[in-house]
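# Structural description and commentary
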Amino acid sequence: MRAALSLLLLLAASVPAAASARGWDRTRVPPWAARRARMRGGTLKNVLCLVTDCDKSNPLPERRPGGPYAHFGPFETELVEVEASRTIMYGFSGALVACPVARGTKAMPLPGDPAAYKTLNHGEGATVPGLSWSYGGEGDCAGVEGIASAVDGFGPEWYGELPDYGYWLPELLEHFASWGMVTACPFLRGVPDGAAGAIATVNAARMLADLQPCGDGVIVDAGKLGVAGYSLGAGRAVRGAARMPDAVAAVVALHTWELAQNNYDASVRAPLMLLSGTDDTNAPFANTLRTYRAARGPKIVGALRGGNHYTSPRFWAGPTTAFLLTHLAGDARAERYAWGDEGLGFGSDIITWQRRDCDWWRSKEDDACESSLPN
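Residues numbered from 1 in each chain as written. Predicted model: local features only at pLDDT ≥ 70, side-chain atom pairs only at ≥ 80, totals over all residues. Heavy atoms only, no water.

### A look at helix α9 (residues 317-329)
Its 13 residues place the ends of α9 17 Å apart at the C-alpha level, agreeing with the 18 Å of an ideal helix rising 1.5 Å per residue. Taking burial as the measure, the 13 residues of α9 include 12 buried ones, the bulk of the element. (Helix = DSSP H or I, 4+ residues; strand = E, 2+ residues; numbered from the N terminus. Expected span 1.5 Å × (residues − 1). Buried < 20%, exposed > 50% of the residue type's maximum accessible area, 1.4 Å probe, protein only.)

Here it is, written out as structure tokens:
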């Protein structure tokens, strides 16, 4: 009881600055703040790379894995900020939530399906998946505060007309939301990076089903919850799923980094996707393989050959989105972009990968996992 009270007091003291104090809220970050954060993040990334040699990596491929799921989905989105007073009971001080609000014009049609995503609609009685994304380091959901505010995922990518020095976290949240998944990023400042951070990451997904922050017509199903994250956030997602297996239906972890070596052996039973880079010196791929071996359910692991710790999560957006839709929304068309050659196997010359699908999808006999798992 005393420990729980201490955590609540710590969280209360760590509540981010109110919108009135900043002059803007996290759902509408002004361009100048975004530019400043990107510059600060890029500078920090370069400093870190002097220590880790992370710049010694191959350029990213021109084509990203995951087919249509690498692009923005069929729904328009909006960002909602959930105040700390509503989330303290879940172990964190507020959250930024990306909501799918209506069918939009940005859809990338799936093969043979001009409507792009007919299995999900926001009609009466429909429910949608909920996802919790945990950022790396001392970050910030809006990408503008904290030591790792804008550095998460920075790399030498070039997509579209402008250089992409990583990912802008709200855009990643909205990418998932554009495919129909309500996605929360909990504010974890002041939350210890051990069990408390792992539990808070899972609780952020549960919060979506309890509070329903997106309003009428977008109902999060408590049975369709997933967790995901990058770097230290990936470690939180993996440990949280291992500690609270009944609450999580899918897990995605990118460039998993842990404070304690034995945490890499956390045993996840939910379907698990692990992604990394073969030249990641911050979170070595060998540690990711430890987590893969410890997992007890369907699992898939991949690494970009020559990729470092700052390979953008946007590069992996396609297979991660397909994986989450497969296991949270039951989207059968997403399976081959998550588990098949159109996913991590689209280019074996640039990605090393393996899977063990437990008789779940196109399994080989030696891919079957244990028929019954211990409680």
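The structure having been displayed, the exposition proceeds.
### Things to note about the packing of helix α6 (residues 195-211) against helix α7 (residues 232-243)
The geometry of α6 relative to α7 is characterised by a closest axis approach of 8 Å and an angle of 80° between their N-to-C directions. Considering the angle they form, α6 stands roughly perpendicular to α7. For the pair α6 and α7, the contacting residues are Ala-195, Gly-197, Ala-198, Ile-199, Thr-201 and Val-202 in the first and Arg-236, Ala-237, Arg-239, Gly-240, Ala-241 and Arg-243 in the second. Taken together, the residues of the contact of α6 with α7 break down into 6 nonpolar, 3 polar and 3 charged. (Axes fitted to C-alpha atoms, helices over the stretch in contact; angles between N-to-C directions. Parallel < 35°, antiparallel > 145°, perpendicular 65-115°, else oblique. Contact = heavy atoms within 4.5 Å. Nonpolar A, V, L, I, M, F, W, Y, C, P; charged D, E, K, R; others polar.)

### Here's the deal with the pairing of strand β8 (residues 250-254)
In terms of burial, β8 is largely enclosed, as 5 of its 5 residues are buried. Of the two faces of β8, the one carrying Ala-250, Val-252 and Leu-254 and the one carrying Val-251 and Ala-253 are both buried. Bridging between β8 and strand β9 (residues 272-277) involves 4 bridges; their strand directions are parallel. In the strand pairing of β9, Ala-253 is matched with Leu-274. (Pairing = 2+ DSSP bridges.)

### Side note on α7
Here α7 contains 12 residues, and its C-alpha end-to-end distance of 16 Å stays within 8% of the 16 Å for a straight helix at 1.5 Å per residue. Summarising burial for α7: 10 of the 12 residues are buried, a large majority. Taken together, the buried positions of α7 are Leu-232, Gly-233, Ala-234, Gly-235, Arg-236, Ala-237, Val-238, Arg-239, Gly-240 and Ala-241. Along its buried surface, α7 packs onto β3 (127-134), α6, β7 (219-230), β8, β9 and α8 (285-294).

### Concerning the pattern of salt bridges
Counted under the stated rule, the structure contains 7 salt bridges. A salt bridge links Arg-236 to Asp-193; the shortest N-O distance between them is 3.3 Å. Highlighted residues: Arg-236 in helix α7 and Asp-193 in the loop between β6 (182-186) and α6, separated in sequence by 43 residues. For Asp-193, a relative accessible area of 23% gives the class partly exposed. For Arg-333, the salt bridge goes to Asp-331, with nearest N and O atoms at 3.5 Å. Arg-333 gets classed as partly exposed once you look at its relative accessible area, which sits at 22%. (Salt bridge = Lys/Arg side-chain N within 4 Å of Asp/Glu carboxyl O.)

### Details of the state of the cysteines
Applying the stated criterion to the full structure yields 2 disulfides. A sulfur-sulfur separation of 2.0 Å characterises the disulfide bridge that pairs Cys-99 with Cys-214. Taking the torsion about the sulfur-sulfur bond, which here is approximately -85°, the covalent link between Cys-99 and Cys-214 counts as left-handed. One end of the pair, Cys-99, is in strand β2 (residues 95-103); the other, Cys-214, is in the loop between α6 and β7, and 115 residues separate them in sequence. As far as burial versus exposure is concerned, Cys-99 and Cys-214 are alike and both buried. (Disulfide = S-S within 2.5 Å.)

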